[in-house]
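# Summary of the model geometry
Spelled out from the first residue to the last, the chains are:
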Amino acid sequence: MFNYNTVWSWKEYREIYQKAWEFDKMLPPKARKFRILNLSYQYDWNNFSGQKTPDNMAKVFYQGTLDKFRREIIENEVLKKGEKLLALVGTPHAFTK
């Protein structure tokens with residue numbers, strides 16, 4: 001989380017992590033812990049020339065599009081394991097059509 005691409009909402013995100021940690025401390029030792037699955041994509045701006053072209057942006061988004069990247073995390077970490085997830089994502093990422 002602290003290596004993310006932006007500086008907005010640090011306080012709000014930190015509070016979510018704090019509350020999950022506090023909740024987990026109250027659980028019995030062998031109880032399943034509350035899990036936060038971070039869906040943040042770390043862009044690679046190292047070779048960005050300042051001009052947005054498909055080739056340049058493919059290097060920045062080297063792991064595919066944001067939504068594809070997040071979908072794969074959710075699929076591998078949650079759905080394939082038959083688990084449930086409450087996803088907190090921005091509105092543009094919450095639509096399928």
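Structure report, in brief. (Residues numbered from 1 in each chain as written. Predicted model: local features only at pLDDT ≥ 70, side-chain atom pairs only at ≥ 80, totals over all residues. Heavy atoms only, no water.)

## Focus on the overall build of the protein chain
Note the threshold: For the purposes of this entry, the term helix denotes a DSSP run of H or I that reaches at least four residues, the term strand denotes a run of E that reaches at least two, and both are numbered from the N terminus. When accessible area is computed with a 1.4 Å probe and restricted to protein chains, residues below 20% of their type maximum are described as buried, those above 50% as exposed, and intermediate ones as partly exposed. Each accessible area is a Shrake-Rupley estimate made with a 1.4 Å probe; only the visible protein chains count as cover when residues are assessed.
A count of helices and strands for the protein chain gives 3 helices and 0 strands. Helices and strands appear in the protein chain in the N-to-C order α-α-α. Buried positions account for 14% of the 97 residues belonging to the protein chain. Carbon and sulfur atoms provide 57% of the accessible area of the protein chain, an area that totals close to 8,300 Å².

## Let's talk about helix H3 (residues 66–77)
Working note: α-helix, 3.6 residues per turn, so residues spaced by three or four point in the same direction. Applied cut-off: One fewer than the residue count of a helix, multiplied by 1.5 Å, yields its expected span. Directions drawn from the helix axis to the C-beta atoms are what define this arc.
If you check H3, its first and last C-alpha atoms are 16 Å apart, about what 12 residues at 1.5 Å a residue would give, namely 16 Å. Buried within H3 are the following residues: Leu-66, Phe-69, Arg-70, Ile-73 and Ile-74. Projected down its long axis, H3 carries its buried residues within an arc of 130°, all on one side.

## Points about the packing of aromatic side chains
As a reminder of what qualifies: What counts as a ring pair is set by centres within 6.5 Å for rings of Phe, Tyr and Trp (its six-membered ring), and what kind of pair is set by the plane angle: stacked under 30 degrees, edge-to-face over 60, tilted for all other angles.
Tallied over the entire structure, the rule returns 8 aromatic pairs. With a centroid separation of 5.1 Å and an interplanar angle of 85°, the aromatic rings of Trp-45 and Phe-48 are classed as edge-to-face. With a relative accessible area of 25%, Phe-48 lands in the partly exposed category. Here the aromatic cluster, defined as three or more aromatic residues joined through ring pairs, consists of Tyr-41, Tyr-43, Trp-45, Phe-48, Phe-61, Tyr-62 and Phe-69.

## Remarks on the side chain of Asp-24
Put simply, the rule reads: Positive charge is attributed to Lys and Arg, negative charge to Asp and Glu, and no charge count is given to His or to the chain ends. A side-chain nitrogen of Lys or Arg and a carboxyl oxygen of Asp or Glu constitute a salt bridge if their distance falls within 4 Å. Polar contacts, as used here, are pairs of N or O atoms within 3.5 Å; protein pairs need one atom able to donate a hydrogen and one able to accept it. Residues neighboring in sequence count only if both atoms are side-chain atoms. Should any heavy atoms of two residues lie within 4.5 Å, those residues are considered in contact.
Mapped onto the secondary structure, Asp-24 falls in helix H1 (residues 10–26). Of the side chains with opposite charge, Lys-33 lies nearest to the buried Asp-24, which makes no salt bridge, at 5.9 Å. Engagement of the side chain of Asp-24 in a polar contact is seen with the backbone nitrogen of Phe-34, the distance being 2.7 Å. Those residues within four positions of Asp-24 in sequence are excluded, and the remaining contacts are Lys-33 and Phe-34.

## Description of the environment of Glu-83
When you line up the elements, Glu-83 lands in the segment after H3. Given a relative accessible area of 27%, Glu-83 falls into the partly exposed group. Setting aside residues no more than four positions away along its own chain, Glu-83 makes contact with Arg-32, Arg-35, Glu-77 and Val-78. Polar contacts involving the side chain of Glu-83 include one to the side chain of Arg-32, which spans 2.7 Å.

## Remarks on the pattern of salt bridges
Under the criterion given, the structure shown has 7 salt bridges. For Glu-72, the salt bridge identified is with Lys-68, shortest N-O distance 2.8 Å. Of the two residues, Glu-72 and Lys-68 both sit in helix H3, 4 residues apart, roughly one turn of that helix. Among the residues examined, Glu-72 registers a relative accessible area of 28% and is labelled partly exposed. By relative accessible area, which is 36% here, Lys-68 ends up partly exposed. A salt bridge links Glu-77 to Lys-81; its shortest N-O distance comes to 3.5 Å.

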